[in-house]
Amino acid sequence: MKHGIHPAYGPVVFRDKAADFAFLTRSTATSQKTVDWEDGNTYPVIDVEISSQSHPFYTGTARVLDTAGRVERFERRYGSKP
């Protein structure tokens, strides 16, 4: 890799305030805000709106849409053209 062209890659805390969940990982993203982590160190923190703890797909609260019923209702309403 060439030196001087890649962004800094270091530890960052991503925090989902809606689910009261945070995790420490490595990223090139940066932030001016910091948080004191469980290990006693201070890391930059990035607030996210949704994470695996609050996303409907991962929490099991996702709704299943009945697309077949919608197609049948459309065909009944507007009819199929010959």
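The structure displayed is predicted, hence computed values, not measured ones.

### Details of the pairing of strand 2 (residues 21-27)
- Examined bridge by bridge, strand 1 (residues 10-16) and strand 2 share 7 bridges and lie antiparallel to one another. Bridging from a neighbouring strand, Val-13 pairs with Leu-24 of strand 2.
- Hairpin connection from strand 1 to strand 2: 4 residues lie between these consecutive antiparallel strands, with Asp-20 at a positive phi of about 55°.

### A closer look at the sheet that holds strand 2
- As summarised here, the arrangement of the 4 strands in space is 2-1-4-3, forming an open sheet in which the pairing is mixed. One side of each edge strand has no neighbouring strand; the edge strands of this open sheet are strand 2 and strand 3 (34-36). When strand polarity is set aside, the average angle formed by the axes of neighbouring strands in this sheet is 45°.
- Sheet topology note: the strand 3/strand 4 (residues 42-48) ladder contains 3 bridges and is antiparallel. Paired with Thr-34 across the two strands is Pro-44, which belongs to strand 4.

Conventions we followed
Residues numbered from 1 in each chain as written. Predicted model: local features only at pLDDT ≥ 70, side-chain atom pairs only at ≥ 80, totals over all residues. Heavy atoms only, no water. Pairing = 2+ DSSP bridges. Helix = DSSP H or I, 4+ residues; strand = E, 2+ residues; numbered from the N terminus. Axes fitted to C-alpha atoms, helices over the stretch in contact; angles between N-to-C directions.

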